[in-house]
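# Examining the three-dimensional arrangement
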Amino acid sequence: MSETILAAEPTIRLAAFLSVLVAMALWEVAAPRRRRDIPRVIRWTNNLALVVVDTAILRLTFPILAVGLAAIAEDRGRGLINNIDAPIWVTIVISMLLLDLAIYLQHVMFHAVPGLWRLHRMHHADLDFDATTGLRFHPVEILISMGIKLAVVMALGPPAVAVLLFEIILNATALFNHANIDLPRPVERILRWIVVTPDMHRVHHSVDPRETNSNFGFNLPWWDRLLGTYVAQPAKGHTRMKIGIEQFRTRRDLWLDRMLIQPVRGSSSGGALDARSHRGQSSPVSSNQAKINTDKIDQEP
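Let me sum up the structure you'll find in this document.

What counts, and where the lines are drawn
Residues numbered from 1 in each chain as written. Predicted model: local features only at pLDDT ≥ 70, side-chain atom pairs only at ≥ 80, totals over all residues. Heavy atoms only, no water. Buried < 20%, exposed > 50% of the residue type's maximum accessible area, 1.4 Å probe, protein only. Helix = DSSP H or I, 4+ residues; strand = E, 2+ residues; numbered from the N terminus. Core = buried A, V, L, I, M, F, W, Y, C linked by side-chain atoms within 4.5 Å. Salt bridge = Lys/Arg side-chain N within 4 Å of Asp/Glu carboxyl O.

## Points about helix 3 (residues 66-76)
Of the positions making up helix 3, those classed as buried are Ala-66, Val-67, Gly-68, Leu-69, Ala-70, Ala-71 and Ala-73. Of the residues flanking the end of helix 3, it is Gly-77, one or two places downstream, whose phi is positive at about 70 degrees.

## Some words on the nonpolar core
Counting 28 residues, the largest nonpolar core has Val-153 and Val-163 as its most contacted members. Where this core is concerned, the elements lending two or more residues are helix 3, helix 4 (88-112), helix 6 (139-156) and helix 7 (160-177). Broken down by element, this core gets its largest block of residues, nine residues, from helix 7. Core analysis: the second largest hydrophobic core is formed by 13 residues, Met-24, Leu-135, Phe-176 and Leu-183 among them.

## Thoughts on the environment of His-120
Among the secondary structure elements, His-120 is positioned in helix 5 (residues 114-124). Residue His-120 is classed as buried on the basis of its relative accessible area, which comes to 1%. Sequence separation between His-120 and Phe-110 is ten residues; the distance between their C-alpha atoms is 6.3 Å.

## Some remarks on the pattern of salt bridges
All told, the structure shown has 16 salt bridges when counted by the stated rule. Here Asp-182 makes a salt bridge to Arg-33, at a shortest N to O gap of 3.8 Å. Taken together, the positions of Asp-182 in the loop between helix 7 and helix 8 (185-191) and Arg-33 in the loop between helix 1 (2-30) and helix 2 (40-61) put the pair 149 residues apart, joining distant regions of the chain. Assessed through its relative accessible area of 5%, Arg-33 is described here as buried. Two residues, Asp-253 and Arg-258, come together in a salt bridge whose shortest N-O distance is 3.3 Å. Judged by relative accessible area, Arg-258 falls into the partly exposed class, the value being 26%.

Printed below as a string of structure tokens:
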């Protein structure tokens, strides 16, 4: 089974990625949530070029990726889950939950550690918010993230099929929750209890650091709620909030060459532990405050 999964992995993941990307792009055209400030051609060409760079560097650096390592650990009985006698469906569910928690904690870490924030802030420096924002990560962050993921896979020993499913779902939800799509408000309010929605994750891309350092989930929304990092709505509303970070606001900063050198430019302000960036900012809308303003938000154009 592991050999079959490994052989089919590239085809399955590429097909899923392209299908979701095209679907989100069409949805954004049909029902956008916000007006675009930057021409799509500038952002999409550079964001997609970055995907090519990231993929090439990742494949050249790591001889084996997460699914392959999971298959090896499974064959050799390595890792916690491989030594637990449980039905396969139970191990798959547990594995996917723990992998998602690991991604959440990693995301928090990239905001909290100044050196890591320098890498991760490139993701936040996009001046618009759409599906390609979910693909915009610095190559060094991609390498560090893969190293962490491989360590987690080795320690947990999840089934290879669970890792493959997790990777596909995570990529799909990252495209979905970054998409500039307008979900019906009643649907969105229910859906955000099950998966991270675009409205929920858009708060995380606010220029206000206290909103930037919230809503860290990429796939499941429960970790933010359980661990106290959930902010229901942006203080200024979704159509009026400012996307990005204060340091990099020009169209030239959206080009690939500028994105790659961004970690060494400017200060590391804006991270979760940077008290200076939290002074003088408007307070984000908490869960309770959001209930008071629900009707206003639902009527937002």
